[in-house]
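Letter by letter, the chains look like this.
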Amino acid sequence: MSVPRVLLRKPRPGPLLCRRGLLLVCGLLASVSPARAQALQGLALFEQHCATCHAAPAADSRAPNRLALSQRTPEAILDAITTGAMTANATALGPLQKRQLVEALTLRPLGAAASGAAASMKNQCGSKPFDPSTSPMWSGWGPDPSNARFQSAAAAGLTAAQVPRLALKWAFAFPNGSSAFAQPAVAGGRVFVGSDNGFIYSLDAATGCVYWSFQAAGAVRTAISVGPIGGSRYAIYFGDLKGNITAVDAQSGAVVWTKRADPHPLSRITGAPTLVEGRVYVPVASLEEASGSNPNYECCTFRGSLVVYDARTGEQVWKAYTIADPAKPTKKNSLGVQLWGPAGAAVWSAPTVDVKRGAVYIATGDGYTHPAADTTDSVMAFDLKTGRRLWARQMTPNDAFLVSCGQTTANRENCPEVSGPDYDFGNSPILRALPDGKGILAVGQKSGAVTAIDPDTGAVLWQHRVGRGSTLGGLEWGSAADDEIGYFPNSDAQFGAAQAGALVAIRLATAEEVWRTQPPGVDCAAGSRNCTAARSAAITVIPGVVFSGTTDGVMRANSTIDGRAVWDYNTAREYTTVNGVPGKGGSINGPGPVVAGGMLFTNSGYAYLGTGVAGNVLLAFGVE
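Below is a short write-up of the structure. (Residues numbered from 1 in each chain as written. Predicted model: local features only at pLDDT ≥ 70, side-chain atom pairs only at ≥ 80, totals over all residues. Heavy atoms only, no water.)

A general tendency of soluble globular proteins is for nonpolar side chains to be buried together. If you look at the biggest cluster of nonpolar residues, it comprises 34 residues, and the most contacted ones within it are Tyr237, Cys300, Tyr309 and Tyr368. For this core, the secondary-structure elements that each account for two or more residues are β7 (233-239), β8 (244-249), β12 (279-286) and β13 (305-310). Considering each element in turn, this core owes the most residues, 4 residues, to β12. Counting 22 residues, the second largest nonpolar core, distinct from the first, contains Leu166, Ala537, Phe547 and Trp567. (Core = buried A, V, L, I, M, F, W, Y, C linked by side-chain atoms within 4.5 Å. Buried < 20%, exposed > 50% of the residue type's maximum accessible area, 1.4 Å probe, protein only. Helix = DSSP H or I, 4+ residues; strand = E, 2+ residues; numbered from the N terminus.)

Written out as structure tokens, the structure is:
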């Protein structure tokens with residue numbers, strides 16, 4: 001499918017205007033973290049120096065458009081602007097700016113292609129048949145499509161009594177990685193995991209040796225799903241930060257099919273694809289929220305969606321948008337840039353599939369334009385077979401938000417007229433059955449509230465406040481539940497160490513708060529690399545124990561009975577790794593721990609587009 005021209009920035013006047021725009025963008029960057037600032041600076045540099053030719057080239061032009069450029073490696077684009085055909089056009093850019101530009105455009109760090117392949121590693125496994133029936137499994141965001149992140153005792157292979165004896169078995173370092181942000185899958189004695197360097201790795205669960213690697217089109221942040229594709233063959237499914245969904249043969253690492261889920265140049269997939277009965281349900285989000293405040297950018301045209309594919313062939317079955325109608329032109333800013341709306345309602349988390357009711361549920365993010373659509377910050381239900389919308393329940397009306405649109409921003413022309421609180425849903429809805437047989441969807445929001453919803457009608461059953469909520473959460477990436485209790489991790493990182501990081505247990509049938517616990521204080525004077533133990537990352541529960549990581553790098557286990565801590569491990573340190581690549585841990589954020597076959601797996605080092613301590617390791621723990 002070709003990219004509609006309304007989705008691409010039209011050519012802008014020349015250097016003087018570009019310099020003016022760059023000054024405005026630099027002002028916007030002053031209030032954000034260094035990691036986020038570098039990414040935003042790279043996006044701004046494209047608008048200032050490249051968009052005239054590459055945003056929407058004429059039909060007879062030989063210039064590749066932004067989408068085509070984003071599919072190339074950062075090395076190829078750097079070569080073009082340093083020694084190749086585009087050298088003269090990049091004379092105003094210094095070495096750091098060139099790096100920021102190519103990494104932001106391709107969403108892949110320089111050097112990843114050369115160092116990331118399994119062939120360059122010393123710990124090769126050799127050949128071994130892949131058979132997922134031989135060992136317990138964790139596939140997708142949770143081990144089943146309810147997204148409760150609950151692993152049964154049999155599949156966990158780990159009891160509450162054994163948890164205090166967990167010890168590190170091995171560490172694997174992502175080559176040239178700077179943010180460990182993808183959740184692994186476990187099947188057939190293997191671990192499948194993505195990385196910010198754009199590679200997928202198939203590792204041995206017991207030893208960490210590597211079977212194969214696959215280089216995706218972009219960085220892979222999603223959890224991975226595993227399923228059959230005919231005969232004895234299995235595939236793994238994942239999305240990348242360029243908006244592609246890909247199926248790869250689980251045995252060999254060969255590509256089976258790949259599709260682009262949405263034509264928008266800034267689309268991305270962060271939520272895990274959910275695999276049910278031969279179909280793959282794919283959520284689509286975008287980075288337009290970070291670009292929209294740039295006065296040279298035509299804000300905003302992206303709308304979230306859920307796309308469904310045949311798992312075997314990759315044929316699209318249906319696609320449903322979170323905002324019914326495409327964006328329309330609204331006004332022009334003082335630079336003559338056309339603005340659009342409504343936009344937003346990205347889907348950041350994994351879809352929840354309910355075969356019994358014939359429905360799939362998603363949770364949406366904020367709007368990018370004012371007024372925000374009535375399906376932003378919402379939970380939505382769609383018919384499994386057709387994609388027809390069944391119901392939508394909005395939790396925070398008119399939440400229109402763009403990064404860097406603070407009240408002190410020098411140029412607010414692209415900003416929403418009324419800025420909302422940025423109360424996205426990063427959690428997936430959790431589907432559970434109550435004791436009386438009725439169903440419940442429980443979902444945490446960045447507002448700090450947990451909401452229970454009737455899956456049949458979308459009616460709100462109850463709400464319970466866990467935290468204060470803010471742009472950094474509230475409840476960020478994922479909660480968990482067993483048969484009776486929901487467990488909800490709270491960030492509240494913006495309110496300091498004393499208030500950050502609550503873990504709260506709530507009885508699903510009654511909304512009763514069973515217990516609440518805070519992490520121990522962080523001793524900054526002792527040299528801690530991060531002074532806030534926010535629970536932003538997703539959590540996981542097994543019978544008797546809930547596992548959660550914090551942004552200071554600690555993985556912790558708490559009793560489900562009373563919240564008492566029974567085990568912890570500080571991952572924020574350097575490691576000797578099984579693949580011989582220098583490794584270090586950092587913040588735990590985004591994905592949650594995975595438990596299967598008596599082992600616990602967690603990434604350490606999430607620092608992408610925000611606060612946190614960078615790292616590049618996957619850690620495997622087993623009972624000593």
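There is more to say after this.
Glancing now at helix α6 (residues 95-106). In this model α6 runs 17 Å from its N-terminal to its C-terminal C-alpha over 12 residues, within 8% of the 16 Å that 1.5 Å per residue would give. Among the residues of α6, those classed as buried are Lys98, Gln100, Leu101, Val102, Ala104, Leu105 and Thr106. (Expected span 1.5 Å × (residues − 1).)

Turning our eyes to something else, we now look at the packing of aromatic side chains. Enumeration over the complete set of coordinates arrives at 17 aromatic pairs. For the ring pair Tyr487 and Trp515, a centre distance of 6.1 Å and an interplane angle of 40 degrees mean the geometry is tilted. One end of the pair, Tyr487, is in strand β26 (residues 485-489); the other, Trp515, is in strand β28 (residues 513-517), with 28 residues separating them in the sequence. Note on accessibility: Tyr487 and Trp515 belong to one class, buried. A connected cluster of aromatic rings, assembled from ring pairs, spans Phe130, Phe192, Trp212 and Tyr234. Taking NZ or CZ as reference, Arg221 lies 4.4 Å from the ring centre of Trp477, over its face. Cation over ring: Arg303 sits above Tyr321, and NZ or CZ is 3.6 Å from the ring centre. (Phe/Tyr/Trp six-rings, centres within 6.5 Å; stacked < 30°, edge-to-face > 60°. Lys NZ or Arg CZ within 6 Å of the ring centre and 35° of its normal.)

Sheet architecture is open: 4 strands sit in the order β21-β22-β23-β24, paired in antiparallel fashion. Each of the sheet's edge strands pairs with one partner strand only, and the pair in question is β21 (430-433) and β24 (460-465). This sheet shows a mean twist of 20 degrees between the axes of neighbouring strands, independent of strand direction. In the sheet, strand β22 (residues 439-444) pairs with strand β23 (residues 449-453) via 4 bridges, with the strands oriented antiparallel. If you follow Leu441 over to β23, its bridge partner there is Ile453. (Pairing = 2+ DSSP bridges. Axes fitted to C-alpha atoms, helices over the stretch in contact; angles between N-to-C directions.)

Before going further, it helps to examine the state of the cysteines. Disulfide: a covalent bond connecting the sulfur atoms of a pair of cysteines. Evaluation of the coordinates by the stated rule reveals 3 disulfides. One disulfide bridge connects Cys125 with Cys209, the sulfur atoms lying 1.9 Å from each other. Classification of the bridge connecting Cys125 and Cys209 rests on its S-S torsion, roughly 110 degrees, and on that basis the disulfide is right-handed. Of this pair, Cys125 sits in the loop between α7 (112-115) and α8 (153-156) while Cys209 sits in the loop between β4 (199-204) and β5 (210-215), and the two are 84 residues apart along the sequence. We classify Cys125 as partly exposed; its relative accessible area is 22%. For Cys405, the disulfide goes to Cys415, at an S-S distance of 2.0 Å. Taking the torsion about the sulfur-sulfur bond, which here is approximately -90 degrees, the covalent link between Cys405 and Cys415 counts as left-handed. Placement of the pair is Cys405 in the loop between β20 (389-394) and β21 and Cys415 in the loop between β20 and β21, with a sequence separation of 10 residues. Residue classification places Cys405 among the buried positions, given a relative accessible area of 7%. Overall, Cys415 belongs to the buried group, its relative accessible area being 8%. (Disulfide = S-S within 2.5 Å.)

Our next topic: the pattern of salt bridges. Enumeration according to the criterion identifies 10 salt bridges in this entry. A salt bridge links Arg357 to Asp354; the nearest nitrogen and oxygen atoms lie 2.9 Å apart. Accessibility expressed as a relative area gives 3% for Asp354, which makes it buried. Two residues, Arg516 and Glu513, come together in a salt bridge whose shortest N-O distance is 3.0 Å. We classify Glu513 as partly exposed; its relative accessible area is 31%. One salt-bridge network, in which partners are shared between bridges, spans Asp354, Arg357 and Asp456. (Salt bridge = Lys/Arg side-chain N within 4 Å of Asp/Glu carboxyl O.)

Along the chain, Pro582 turns up in the loop between β33 (574-575) and β34 (583-584). On the accessibility criterion, Pro582 (70% relative accessible area) is exposed. In this view, Pro582 contacts Ala173 and Asn616; residues no more than four positions away in its chain are not counted. (Contact = heavy atoms within 4.5 Å.)

Before going further, it helps to spend a moment on the sheet that holds strand β6 (residues 225-230). Taken together, the 4 strands give an open sheet; going across it, the order is β6-β7-β8-β9, and neighbouring strands pair in antiparallel fashion. Edge strands, defined here as strands with exactly one partner in the open sheet, are β6 and β9 (255-260). Strand-to-strand twist across the sheet, computed as the mean angle between neighbouring axes with direction ignored, equals 25 degrees. Relative to β7, β6 is paired through 5 bridges, and the arrangement is antiparallel. In the sheet register, Pro228 faces β7, and the bridge partner there is Tyr234.

On to the environment of Arg233. Its location among the elements puts Arg233 in strand β7. Its relative accessible area of 41% is what places Arg233 among the partly exposed residues. Contacts of Arg233, omitting those with residues within four sequence positions, involve Pro228, Asp249 and Val256. Of the polar contacts made by the side chain of Arg233, one reaches the side chain of Asp249; its length is 3.1 Å. (Polar contact = N/O pair within 3.5 Å; in protein donor to acceptor, adjacent residues only side chain to side chain.)

Just geometry here; none of it tells us what the structure is for.
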